[in-house]
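Summary of the model geometry
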Amino acid sequence: MALRAVLFDFSGTLFRLEHDALEEHGDLMRALTAPVGVAEGLTPEMEELWLRRDLDAEVHRDVHVVALRAAGLTEPGAALAFYERLVSAAYWRAYPDTVEALRTVSEAGLRVAVVSNTGWNVRAVLDRFGVSHLVDEVVLSYEEGLIKPDPKIFLLACERLRVDPSEVLMVGDSEEADGGAAAVGSRVAIVEPLRTAERPTALVDSLRKHGIIPV
């Protein structure tokens, strides 16, 4: 069946958290923004909250602050300040082919959605890079009460785009989370969540592989 829509993951797919002010904490950032797994240094109770952090904005903030303190950011206010950088549009960078990929899908007449497990509003990043007009729907876990790979979040995105799941390509960086789209009959393309400078064409390559961009 021909494709009529593309769902894109946000972090590690279209954009990546990168900023000179965060370079000294690179390993910590990667752990905190990983799509799966639990941050180190959390109590069993906090580990449970960590696993559901993307369902509630306040929980997302509070459990990240605890994790950051456990990682060594113990000076007063330091953990919260670091968290505020994590959710600031100014600290996110687009992959080199993000704009091209979104524009190509939109100009091909396909519908576009960003589907993200997150506890903050990533629309500010889309606005900052001037691509909001290329995205028809933004489906965020904390707003919907659903987390990938729950099939319901993919079905919800398809419903809002008015397409059948079999007509959809899901592009993401996590086989575990984004790969869940296969359960509803969608195609899946996985890209590596490398640094932006190290992954110049993965998005357009995925679109080409699935026939959205001519070979």
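Please refer to the structure higher up on the page.
Residues numbered from 1 in each chain as written. Predicted model: local features only at pLDDT ≥ 70, side-chain atom pairs only at ≥ 80, totals over all residues. Heavy atoms only, no water.

**Focus: the overall build of the protein chain**
Defined as follows: Each helix is a run of DSSP H or I of at least 4 residues and each strand a run of E of at least 2, with the numbering of both proceeding from the N terminus. Relative accessibility under 20% of the residue-type maximum defines a buried residue, over 50% an exposed one, and the middle range a partly exposed one, all with a 1.4 Å probe and only protein chains included. Contacts are assigned to residue pairs with any non-hydrogen atoms lying within 4.5 Å of each other. Here, Shrake-Rupley sampling with a 1.4 Å probe gives the accessible areas, and only protein chains in the shown set may cover a residue.
Helix and strand counts for the protein chain stand at nine helices and seven strands. Dimensions of the protein chain along its principal axes, counting C-alpha atoms only, are 55 × 35 × 25 Å. Counting over 215 residues, the protein chain shows a buried share of 48%. Once local pairs closer than 6 in sequence are excluded, the contacts in the protein chain between residues at least 24 apart make up 65%. For the protein chain, the accessible surface area stands at approximately 10,000 Å², while carbon and sulfur atoms represent 49% of it.

**Remarks on the nonpolar core**
Heads up, the rule is: Buried residues of nine kinds, namely Ala, Val, Leu, Ile, Met, Phe, Trp, Tyr and Cys, make up a nonpolar core once their side-chain atoms join them within 4.5 Å.
If you look at the biggest cluster of nonpolar residues, it comprises 43 residues, and the most contacted ones within it are F8 and F15. Setting aside chain neighbours within four positions, we find F15 in contact with F10, W92, R93, A94, Y95, T98, V125, L126, F129 and V131. With 17 residues, the next largest nonpolar core counts A5, V163, V168 and A181 among its residues.

**Considering the pairing of strand β5 (residues 137–140)**
For clarity, the threshold we go by: In this description, strands pair whenever DSSP reports at least two bridges between them. Note on handedness: a clockwise path from strand one over the helix to strand two, with the strands aimed away from the viewer, defines a right-handed crossover.
Relative to β5, strand β4 (residues 111–116) runs parallel, the two sharing four bridges. The residue of β5 that forms the bridge with A113 is E137. Handedness of the crossover is the feature at issue here: the chain leaves β4, passes through helix α6 (residues 123–128), returns alongside β5, and the resulting connection is right-handed.

**A short note on the packing of helix α3 (residues 57–70) against helix α4 (residues 78–86)**
The relative placement of two packed helices comes down to the angle between their axes together with the axis-to-axis distance. Which entries qualify depends on this criterion: For helices, the fitted axis covers only the stretch in contact; all axes are lines through C-alpha atoms, and the angles between them, taken along N-to-C directions, range from 0 to 180 degrees. Comment on the angle field: the value is read as roughly parallel under 35 degrees, roughly antiparallel over 145, roughly perpendicular from 65 to 115, and oblique elsewhere. Note: crossing handedness is left-handed where the near helix turns anticlockwise from the far helix by less than a right angle, and right-handed where it turns clockwise.
Relative orientation of the contacting elements α3 and α4 amounts to 125 degrees, with a least axis distance of 9 Å. One element, α3, and the other, α4, form an angle in the oblique class. For α3 against α4, the interelement crossing comes out right-handed. On α4, the residues touching A57, H60, R61, H64, V65, L68 and R69 of α3 are A79, L80, F82, Y83 and L86.

**Quick notes on the packing of aromatic side chains**
Selection rule: Any two rings among Phe, Tyr and Trp, with Trp reduced to its six-membered ring, count as a pair given centres within 6.5 Å; such a pair is stacked if its planes are under 30 degrees apart, edge-to-face if over 60, and tilted if neither.
Under the definition given, this model contains five aromatic pairs. On the numbers, 6.0 Å between centres and 80 degrees between planes, the contact of F10 with W120 is edge-to-face. In this pair, F10 is assigned in the loop between β1 (5–8) and β2 (15–17) and W120 in the loop between β4 and α6, connecting sequence segments 110 residues apart. Ring pairing ties together the aromatic residues F10, F15, W92, W120 and F129, which thus form one cluster.

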